Amino acid sequence: MHNPWTMKMEQFTRFSPDQRQTLDALMTERRRQNEPGDDIIREGDHSPDCHVVLTGLACRYKILPDGRRQIMAFLIPGDLCDAEIFILREMDHSVGALTPTMTALIAGSRMKELLRETSCMAEALWWGTLTDLGVLRERIVDHGRRNAYERMAHLIYEMLVRYRVVGAAKDDAFEFPITQSDLGDATGMTPVHANRMLQKLRKEGLITLKGKVLTVLDPKRLKQVAGFNANYLHLDRAHDRKDGMDQRAGDLI
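Note that this is a predicted model, so its numbers are computed, not measured. Per chain, residue numbering runs from 1 following the sequence as it is written. At least 70 in pLDDT is required for a residue's local features to be given in this predicted model, at least 80 for side-chain atom pairs to be given and counted, and no such filter applies to totals for whole chains, interfaces and linings, which use all residues. Excluded from the side-chain calculation are hydrogens and water; included are all heavy atoms of the structure.

The rule is simple: take the accessible area with a 1.4 Å probe, protein chains only, and divide by the maximum for that residue type; under 20% is buried, over 50% is exposed, in between is partly exposed. Helix and strand assignments follow DSSP, with helices taken as H or I runs no shorter than four residues and strands as E runs no shorter than two, numbered in order from the N terminus. Summarising burial for strand E5 (residues 69–75): five of the seven residues are buried, a large majority. Pairing between two strands is assigned when DSSP locates at least 2 bridges connecting them. In terms of strand pairing, strand E4 (residues 58–63) meets E5 through six bridges, oriented antiparallel. When the bridges of E5 are listed, Arg 60 appears paired with Ala 73. Linkage of E4 to E5, two consecutive antiparallel strands, is achieved through a turn of five residues, within which Gly 67 is found at a positive phi near 95°.

Strands sit in the order E1-E7-E3 across an open sheet of three strands; the sheet is antiparallel. Each edge of the open sheet carries a strand with a single partner, namely strand E1 (31–34) and strand E3 (49–55). Averaged over neighbouring strand pairs, the angle between their axes works out to 35° when direction is ignored. Relative to strand E7 (residues 101–107), E3 runs antiparallel, the two sharing six bridges. The residue of E7 that forms the bridge with Asp 49 is Ala 107. Sheet strands touched by helix H2 (residues 17–29): E1, E3 and E7. Its angle to E7, the strand with the most contacts, is close to 115°. Contact definition: two residues touch when any of their heavy atoms are within 4.5 Å. Orientation is described by axes fitted as lines to C-alpha atoms, over the contacting stretch for helices, and by angles from 0 to 180 degrees between their N-to-C directions. Each of E3 and E7 is contacted by helix H3 (residues 108–117), which is oriented at about 70° to E7, the strand it contacts most.

Attention shifts here to the packing of aromatic side chains. The rule is short: rings of Phe, Tyr and Trp, with Trp giving its six-membered ring, pair when the centres are within 6.5 Å, and they are stacked under 30 degrees, edge-to-face over 60, tilted in between. Across all of its chains, the model carries five aromatic pairs by this definition. When the ring of Phe 174 is compared with that of Phe 176, the centres are 6.0 Å apart and the planes differ by 80°; the resulting orientation is edge-to-face. Here Phe 174 and Phe 176 have matching classes, each one buried. Judged by centre distance (5.8 Å) and plane angle (65°), the ring pair of Phe 228 and Tyr 232 falls under edge-to-face. Assessed through its relative accessible area of 6%, Phe 228 is described here as buried. Three or more aromatic residues link up through ring pairs in this structure, and these residues are Tyr 157, Phe 228 and Tyr 232.

Looking now at the sheet that holds strand E9 (residues 207–210). Strand order across the open sheet formed by three strands is E8-E10-E9, with antiparallel pairing between neighbours. Lying at the two open borders of the sheet, with one neighbouring strand each, are strand E8 (173–175) and E9. Put simply, the sheet's adjacent strands are angled 20° from each other on average, direction ignored. Helix H5 (residues 148–165) rests against E8, E9 and strand E10 (213–216) of the sheet, and its axis sits at about 90° to E8.

Here the focus is the nonpolar core. Definition of nonpolar core: a set of buried residues of the types Ala, Val, Leu, Ile, Met, Phe, Trp, Tyr and Cys, connected through side-chain atoms within 4.5 Å. Phe 74, Met 152, Ile 156, Met 159, Phe 174 and Leu 201 are the most contacted members of the largest nonpolar core, which has 46 residues in total. Taken together, the elements giving at least two residues each to this core come down to E4, E5, helix H4 (119–144), H5, helix H6 (180–187), helix H7 (191–203), E10 and helix H8 (219–226). When residues in this core are grouped by element, the largest group, twelve residues, is from H5. Not counting the four nearest positions on each side in its chain, Phe 174 is found in contact with Ile 156, Met 159, Leu 160, Tyr 163, Ala 168, Ala 169, Lys 212, Val 213, Leu 214 and Val 216. Met 9, Ile 40, Phe 86 and Val 95 belong to the second largest nonpolar core, which has 28 residues in total.

Moving on, we get to the side chain of Asn 34. The topology assignment puts Asn 34 in strand E1. A residue is classified by how much of its surface remains accessible, and Asn 34, at 6% relative accessible area, is buried.

To estimate the expected span of a helix, subtract one from its residue number and multiply by 1.5 Å. Between its terminal C-alpha atoms H4 stretches 38 Å, which fits the 38 Å expected from 26 residues at 1.5 Å a residue. Along H4, the residues classified as buried are Cys 120, Met 121, Ala 124, Leu 125, Trp 127, Gly 128, Thr 131, Gly 134, Val 135, Glu 138, Arg 139 and Asp 142. Taken together, the buried residues of H4 touch helix H1 (4–9), H2, E5, H3 and H5.

Structural measurements only, silent on function.
Right, here's the structure in full:
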């Protein structure tokens, strides 16, 4: 079974066959399907479960009092939506589905057991949390210092790297079912300006976008335009992977 959560965490550690079997079982025991526009978990809610994205695309977001939305991060297969929820009393942001999205539900009590039973699991979850914080820091840099063109290039290159890590990209192409409105809310641009930046990347021969599939035509040049440094993703072992992960992921870092 393809388990993107295990593939992601094994960027930091290695699990034994028994540990992988346990994690695989957790991905199949309880699942939930969310449609576009559904909240997987809402700001202010408490859930007894943690949610792992298995398929589809979700996002972390907040809604301002006047209704404006800010997307802080996109969540792809293998991402844990709410590692903090079994510790905190309520969510301080929402997680919503942007496409039909399947999540695995892990009871908070079971998560605590895993953390107590296996130190490598605890360390891997902590690594995942630190990586999520790294992504959020890059969004701060986006809004503070990168211009609109660099911002869009950086987001696309980051998505390519992250999709490759969990084996969800092929030949530098990945699913990109993100609307102009979603892109605007994630980059701080208007939808029209976000579309202009996409068109500029296309005219420069860096990407193509056909239907809902984005292909990076020149990864090296896109990385240069973005000023991309993958250290915030902490993919220390990407070059050493011998199993599962797309081997070219390491070449992108």
